[in-house]
Amino acid sequence: MSALGRRQWGVGFALFVLGCLAVVAPVQAQTFSAADLEGTWQVFQLATPRGVLTGVDVRSYSGEVSFDSTGVVTGVSTLTADDGITSYTVSGNLSVSIGGVVNGTLLLTGVGAPSGALVVREARLLTSRFTLVGAATVLGQVGLFTFVKRDDTQTFTQTDDLGGDWDYHELTPSTNAVNTGDAAWTKGSITFHGDSGCTEADLDRSDGTVRARRSDGPVSFG
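Calculation criteria
- Residues numbered from 1 in each chain as written.
- Predicted model: local features only at pLDDT ≥ 70, side-chain atom pairs only at ≥ 80, totals over all residues.
- Heavy atoms only, no water.
- Salt bridge = Lys/Arg side-chain N within 4 Å of Asp/Glu carboxyl O.
- Helix = DSSP H or I, 4+ residues; strand = E, 2+ residues; numbered from the N terminus.
- Buried < 20%, exposed > 50% of the residue type's maximum accessible area, 1.4 Å probe, protein only.
- Pairing = 2+ DSSP bridges.

Caption draft 1: Structural view of the pattern of salt bridges. Inspection of the entire model under this criterion finds six salt bridges. Of the charged contacts, one joins Asp82 and Arg59 as a salt bridge, the two residues approaching to 2.8 Å between their closest N and O atoms. Highlighted residues: Asp82 in the loop between β5 (73–81) and β6 (87–96) and Arg59 in strand β4 (residues 59–67), separated in sequence by 23 residues. Close ionic contact of Asp202 with Arg214 constitutes a salt bridge, the shortest N to O distance being 2.9 Å. Of the two residues, Asp202 sits in strand β13 (residues 199–205) while Arg214 sits in the segment after β14 (210–212), which places them twelve residues apart along the sequence. By relative accessible area, which is 24% here, Arg214 ends up partly exposed.

Caption draft 2: Molecular detail of the pairing of strand β8 (residues 116–125). Where strand β7 (residues 101–111) and β8 come together, seven bridges link them in antiparallel fashion. Along β8, the bridge assignment pairs Val102 with Ala123. Connecting β7 to the next strand, β8, in antiparallel fashion are four residues, including Gly112 with a positive phi near 75 degrees. Pairing analysis gives five bridges linking β8 to strand β9 (residues 131–138), with the strands arranged antiparallel. Considered in β9, the bridge of Leu125 is made with Leu132. Between the end of β8 and the start of β9, which pair antiparallel, lie five residues, with Arg129 showing a positive phi angle near 65 degrees.

Caption draft 3: Summary view of the pairing of β6. Both β5 and β6 contribute to a ladder of three bridges, which runs antiparallel. What sits directly across from Thr80, in β6, is Ser87. Between the antiparallel neighbours β5 and β6 lie five residues, among them Gly84 with a positive phi of about 75 degrees. Inspection of the sheet shows β6 paired to β7 by ten bridges, in the antiparallel sense. The partner of Ser95 across the bridge, within β7, is Asn103. Between β6 and β7, which follow one another and run antiparallel, lie four residues, and Gly100 among them has a positive phi close to 90 degrees.

Given below as structure tokens:
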């Protein structure tokens, strides 16, 4: 599970998401509303139980949720658990303050599983209006989520949009490389050579051991 942020533009934040946020001098105060949610969003939620847990207790949910201009879920919106089998239909709504703070409850109707809710409290809609990040509870577990708006008119290329230097943050629920299978994190920096697809990285694990070094060669990671 990883998050990447282009180094020359800022630090990436979120789990399992490739992000690149330009820092620009604001010319005027921006205002937000529920209309900014209109459209279809790719959703990812990482969740853990309250209290003591092990790696196998960490769960994730992903899918698509569509909103109308009032923030109400519309169309066929679904989330699927990390087992690839358990799925939920989504209803409910989110509200957006003038400052971009998002709150609300999305009801999850289980298909072959218990129903529940994804409860959002003081999430943030980024100024691009294409990313929503924050913390939420889902089916009694707590964790972090990202919503990324889908725009079928946008196109990307490996060289122009991936190539360059990025900050790297990774959280994994279980890895034999650290503490005999416990949860761990990795952080550092990574360079994508967009024209060739190779990567170089300086990455360290949470126990202080090295995961990758640029000095290891042109394909030191990945």
